[in-house]
Amino acid sequence: PMTTVAVLGGGIGGLAASYYLCKSPQVTKVIVLESSSRFGGWLWSTRRSDGAVFEHGPRGIRPAGAVGHNTLNMVDDLGLGGDILPVPYSHVASKNRYVYMNRRLHRMPSGLSGLLRTVPPFSRPLLLSVAMEMLVKKGVEEDESVHSFVSRRLGKELADIAVDSLCRGVFAGDCRKLSVRSCFPVLYDAEQRRGSLTLGMLKGPQVRVEPWPRSVTESWAQWSLSRGVESLPESIAEFLQRSGRVELHREAAVQQISPSASGWTISLEDGVVSADHIISALPAKALVSILPPSCQPLIQLLQDIATVTVAVVNLEYEGSILPVSGFGHLLPSSEDQALLGVVYDSVPFPQHDRTNGRTTRLTVMMGGAWFHEVFGSPDTVTEERLLARATEAVHCHLGVPTAPSWSRVSLQRDCIPQYYPGHFRRVGDFIRENNLSLSLIGSSYDGVSVNDVIFNGRTAVEQLLGTGV
Ligand SMILES: Cc1cc2nc3c(=O)[nH]c(=O)nc-3n(C[C@H](O)[C@H](O)[C@H](O)COP(=O)(O)OP(=O)(O)OC[C@H]3O[C@@H](n4cnc5c(N)ncnc54)[C@H](O)[C@@H]3O)c2cc1C
Ligand SMILES: C=Cc1c2[nH]c(c1C)Cc1[nH]c(c(CCC(=O)O)c1C)Cc1[nH]c(c(C)c1CCC(=O)O)Cc1[nH]c(c(C)c1C=C)C2
């Protein structure tokens with residue numbers, strides 16, 4: 001029987017794992033240790049007294065697939081169902097996504113006509129690339145970069161523009177360095193199983209979870225919560241508190257963990273905690289710094305998991321200032337290294353605008369894999385410089401000459417892990433071979449989306465307990 005489980009890190013991964021641990025009668029005690037003064041990690045929202053909500057981390061969560069349904073089930077169980085702000089597929093924010101290239105905005109092709117016609121900035125119809133793709137032979141590499149995979153199967157132009165931008169809009173990363181196998185497992189598996197993306201995507205294997213019918217019948221493309229996505233970690237923390245079986249500690253940085261006769265000894269600044277099992281929901285680098293020297297092989301593997309820094313600039317403008325409507329726009333790295341993209345937050349979630357008077361909220365994201373090259377060290381770059389760069393982009397890309405009436409610059413250091421080729425080989429084996437009672441979850445390993453991180457927390461708990469939760 002499992003008695004005490006320590007969960008390291010109170011981001012969404014650690015909280016989700018604690019939530020699933022709490023659902024099992026096998027666990028008598030859960031101890032959550034979070035170094036900062038708040039729970040939620042990158043799920044971080046500013047709520048202004050006039051009703052406006054600004055997101056400094058994730059803003060829209062996808063409902064699709066097993067992992068999407070899993071999150072919605074949790075949201076509902078927490079009593080947050082009534083707070084969901086769904087954005088259907090028919091909404092302009094779902095249909096319109098732009099790429100800023102050659103100094104103008106291009107709507108990304110969608111639907112049948114988008115496939116059949118030649119749509120700038122592309123030089124041939126996408127259907128042609130898709131049709132030719134079926135004839136391309138299966139790759140022989142164990143893993144490769146996203147750029148090389150897509151160039152090989154769909155052509156260099158799609159890789160240079162669409163895929164380059166996509167990787168910046170999800171990983172803030174460089175598609176020439178990111179692994180296709182770990183970043184886009186669906187594409188990799190499609191080629192492995194059917195020898196083609198077009199054929200392989202038609203029917204994939206399905207993970208079974210309880211369905212969430214409303215998101216299907218109303219065909220949701222993404223959702224948020226009325227008080228911002230940070231409501232999710234807040235509600236999980238309240239649920240854990242109410243359960244009576246969970247100790248939640250803030251400002252409790254873990255300094256060292258070491259195996260003991262019965263499990264683990266966990267050292268904090270002001271004391272020690274014992275546990276039978278540890279679930280680490282820390283970023284890989286943070287885990288490296290607390291592992292004992294006896295875990296050297298694991299330390300070596302974890303050290304290779306890189307992260308990038310993103311400057312997130314929230315802007316609020318008076319009036320309706322957008323020349324186009326949609327989710328936002330991305331920039332391929334060939335257009336501008338520093339500027340990753342701009343989200344038009346007011347379009348998908350007008351409920352988060354100030355209640356009196358029309359305003360437009362935008363978020364500019366900068367840096368990522370190019371941060372050091374463009375801005376230098378995050379320790380020395382100033383907020384003024386980041387704000388100036390962001391407002392200049394809004395001026396130049398969207399033709400907005402006025403200054404924002406409100407702004408907030410957040411420097412999110414090491415916030416998105418980068419899975420490089422070979423990532424799939426790095427973790428897992430060591431822990432199984434050494435029989436450590438240690439589970440690794442969080443965005444460093446097996447998916448960076450909020451859904452992935454929650455789902456992996458659930459899977460780790462099920463593996464630990466040997467049953468479904
Ligand atoms: C700008 C941005 C936009 C994003 N947009 C989206 C989006 O639109 N959709 C989506 O699905 N995902 C998005 N993501 C990704 C998603 O938010 C993250 O991958 C996810 O929140 C990671 O959760 P986590 O629990 O693994 O890690 P974290 O949130 O990093 O949590 C780890 C926790 O561990 C704590 N910690 C660190 N060291 C110690 C220690 N020694 N002792 C104790 N505690 C410690 C930290 O304080 C932190 O709270 C975005 C991320 C960012 C940064
Ligand atoms: C410009 C930078 C970024 C923008 N969002 C993120 C960055 C780094 C982070 C991010 N966005 C998404 C995810 C999770 C993916 C998932 O699997 O759910 C993360 C970590 C969602 C997302 N955003 C865009 C796409 C294509 C996706 C994938 C899921 C989907 O299709 O909805 C595009 C996009 N992101 C940003 C902009 C401005 C943009 C497109 C116009 C901001």
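Residues numbered from 1 in each chain as written. Chains lettered and ligands numbered in written order. Predicted model: local features only at pLDDT ≥ 70, side-chain atom pairs only at ≥ 80, totals over all residues.

A. Quick look at the nonpolar core. Of all hydrophobic cores here, the largest spans 124 residues; its most connected members are A6, V7, A16, A17, V146, V364 and V394. Take this core: its biggest share by element is eight residues, from helix 19 (residues 450-465). Sequence-distant contacts of V146, that is, excluding residues within four places in its chain, are made with V163, C167, C175, L178, V180, C183 and F184. (Core = buried A, V, L, I, M, F, W, Y, C linked by C-beta atoms within 7 Å. Buried ≥ 20, exposed ≤ 12 C-beta atoms within 10 Å, placed from the backbone. Helix = DSSP H or I, 4+ residues; strand = E, 2+ residues; numbered from the N terminus. Contact = placed C-beta atoms within 7 Å.)

B. Expanded view of the pairing of strand 6 (residues 97-101). Burial within strand 6 is extensive, with four of its five residues counted as buried. In this sheet, strand 15 (residues 328-330) lies alongside strand 6 in parallel orientation, the contact comprising three bridges. Paired with Y98 across the bridge in strand 15 is H329. Between strand 6 and the antiparallel strand that follows it, strand 7 (residues 104-107), lie two residues; N102 among them carries a positive phi value of about 50°. (Pairing = 2+ DSSP bridges.)

C. Quick peek at the domain arrangement of the protein chain. Per the domain assignment, the segments making up the protein chain are domain 1 (4-40 + 65-82 + 231-305 + 420-465), domain 2 (92-200) and domain 3 (306-418). Between domain 2 and domain 3, the C-alpha centre-to-centre distance is 24 Å. The partner domain 3 presents 24 residues to the 21 residues of domain 2 that form the contact. Among the elements that make up the side of domain 2 that touches domain 3, the one with the highest residue count is helix 7 (residues 156-171) (seven residues). (Domains from an automatic or database assignment.)

D. Main features of the confidence of the model for the protein chain. With 97% of its residues at a pLDDT of 70 or more, the protein chain has an overall mean of 94. This complex was scored by the predictor with a pTM of 0.96 and an ipTM of 0.97. (pLDDT = per-residue confidence, 0-100.)

E. Structural detail: the site of ligand 1. The local shell around ligand 1 holds 38 residues, among which G9, G11, G41, P58 and G442 are the closest. Among the elements of the structure, helix 1 (12-22), strand 14 (306-318), strand 18 (406-418) and helix 19 are those that each provide at least two residues to the shell around ligand 1. For the shell around ligand 1, a count of residues per class yields 21 nonpolar, 15 polar and two charged. Both domain 1 (4-40 + 65-82 + 231-305 + 420-465) and domain 3 (306-418) contribute no fewer than three residues apiece to the shell around ligand 1. (Near = placed C-beta within 6 Å. Nonpolar A, V, L, I, M, F, W, Y, C, P; charged D, E, K, R; others polar.)

F. Broad picture of helix 6 (residues 146-154). Within helix 6 the residues assigned to the buried category are V146, H147, F149, V150, R153 and L154. Buried residues along helix 6 cover an arc of 160° about the axis, so they all sit on one side. Remark: G155 follows helix 6 within two positions and exhibits a positive phi of approximately 105°. (Arc of directions from axis to C-beta.)

G. Main features of unusual backbone geometry. P120 connects to P121 through a cis peptide bond whose omega is 10°. Summarising the element assignment, P121 is placed in the loop between helix 4 (111-116) and helix 5 (126-133). With phi around 50°, N102 is a residue other than glycine that occupies positive phi space. Mapped onto the fold, N102 is located in the loop between strand 6 and strand 7. When the 10 C-beta atoms within 10 Å are taken as the criterion, N102 is described as exposed.

H. Structural context of the environment of A311. Following the sequence through the fold, A311 ends up in strand 14. For A311, a count of 29 C-beta atoms within 10 Å corresponds to the buried category. Sequence-distant contacts of A311, that is, excluding residues within four places in its chain, are made with M366, G367, L386, V409 and L411.

I. Main features of the sheet that holds strand 1 (residues 4-8). As summarised here, the arrangement of the five strands in space is 9-2-1-13-19, forming an open sheet in which the pairing is parallel. The open sheet has two edge strands with one neighbour each: strand 9 (246-249) and strand 19 (438-440). Direction aside, neighbouring strands of the sheet carry axes that sit 15° apart on average. Pairing of strand 1 with strand 2 (residues 29-33), which is carried by five bridges, proceeds in the parallel orientation. Following the sheet pairing, A6 is matched in strand 2 by I31. (Axes fitted to C-alpha atoms, helices over the stretch in contact; angles between N-to-C directions.)

J. Just the site of ligand 2, in detail. Residues in close proximity to ligand 2 total 19 residues, the closest being G169, G328, L340, G341 and S449. Counting residues per element, the ones that place at least two in the shell around ligand 2 are helix 7, strand 15 and strand 16 (339-343). Split by residue class, the shell around ligand 2 holds eleven nonpolar, five polar and three charged. Here the shell around ligand 2 spans two domains, and each of domain 2 (92-200) and domain 3 (306-418) adds at least three residues to it.

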